[in-house]
Amino acid sequence: MGHWVYEFSGCPDSGDYRQIAEDEEPGDVVLRERLGGLGIVDGFVRESVDDLMMVARFRWVVGGDPSAVAPALLQRSGLPPLARRDAGPVRADVSEPD
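Caption draft 1: View of the environment of Tyr-6. Relative to the helices and strands, Tyr-6 is located in strand β1 (residues 4-9). The sequence separation of Tyr-6 and Ala-21 amounts to 15 residues, and the corresponding C-alpha distance is 6.9 Å.

And the structure:
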């Protein structure tokens, strides 16, 4: 395992910056809490990965309250939405009652 370099770009409040990460492989999205942001987060979507150089580039998508940022970020990334904690399983093979 090595160190990845995450490059973040496009964030209007913090500008472009880099961060060293010890992850095995970067994910598709990153939520980062703003410094002194009092619970405000920025959401980034992965644009590219260079496995040889171990560099992952992320583009800023949205910022604000985490409850609003996470769904917007997943929608923009093309990932499936988060399920509600109280949601039950859905069966696709059940027909409507007559």
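Caption draft 2: Structural view of the pattern of salt bridges. Taken as a whole and assessed by the stated rule, the structure comprises five salt bridges. Residue Glu-7 pairs with Arg-57 through a salt bridge whose shortest N-O separation is 3.2 Å. Taken together, the residues span a long stretch of sequence, with Glu-7 in strand β1 and Arg-57 in strand β5 (residues 55-64) at a distance of 50 residues. Since its relative accessible area comes to 17%, Glu-7 is described here as buried. The exposure class assigned to Arg-57 is partly exposed, which follows from its relative accessible area of 33%. Here Arg-34 and Asp-42 are joined by a salt bridge, their closest N and O atoms 2.8 Å apart. Look at Arg-34 and you get partly exposed, because its relative accessible area is 23%. Each of Glu-7, Arg-18 and Arg-57 takes part in one network of salt bridges that share partners.

Caption draft 3: Representation of the packing of aromatic side chains. Evaluated as defined, the whole model comprises five aromatic pairs. Summarising the aromatic geometry, the rings of Phe-8 and Tyr-17 are spaced 5.1 Å apart at their centres and angled 25° between planes, so their arrangement reads as stacked. Classification of Phe-8 as buried rests on a relative accessible area of 2%. Above the ring of Phe-8, the side-chain terminus of Arg-32 is found at 5.3 Å from the ring centroid.

Calculation rules
- Residues numbered from 1 in each chain as written.
- Predicted model: local features only at pLDDT ≥ 70, side-chain atom pairs only at ≥ 80, totals over all residues.
- Heavy atoms only, no water.
- Helix = DSSP H or I, 4+ residues; strand = E, 2+ residues; numbered from the N terminus.
- Salt bridge = Lys/Arg side-chain N within 4 Å of Asp/Glu carboxyl O.
- Buried < 20%, exposed > 50% of the residue type's maximum accessible area, 1.4 Å probe, protein only.
- Phe/Tyr/Trp six-rings, centres within 6.5 Å; stacked < 30°, edge-to-face > 60°.
- Lys NZ or Arg CZ within 6 Å of the ring centre and 35° of its normal.

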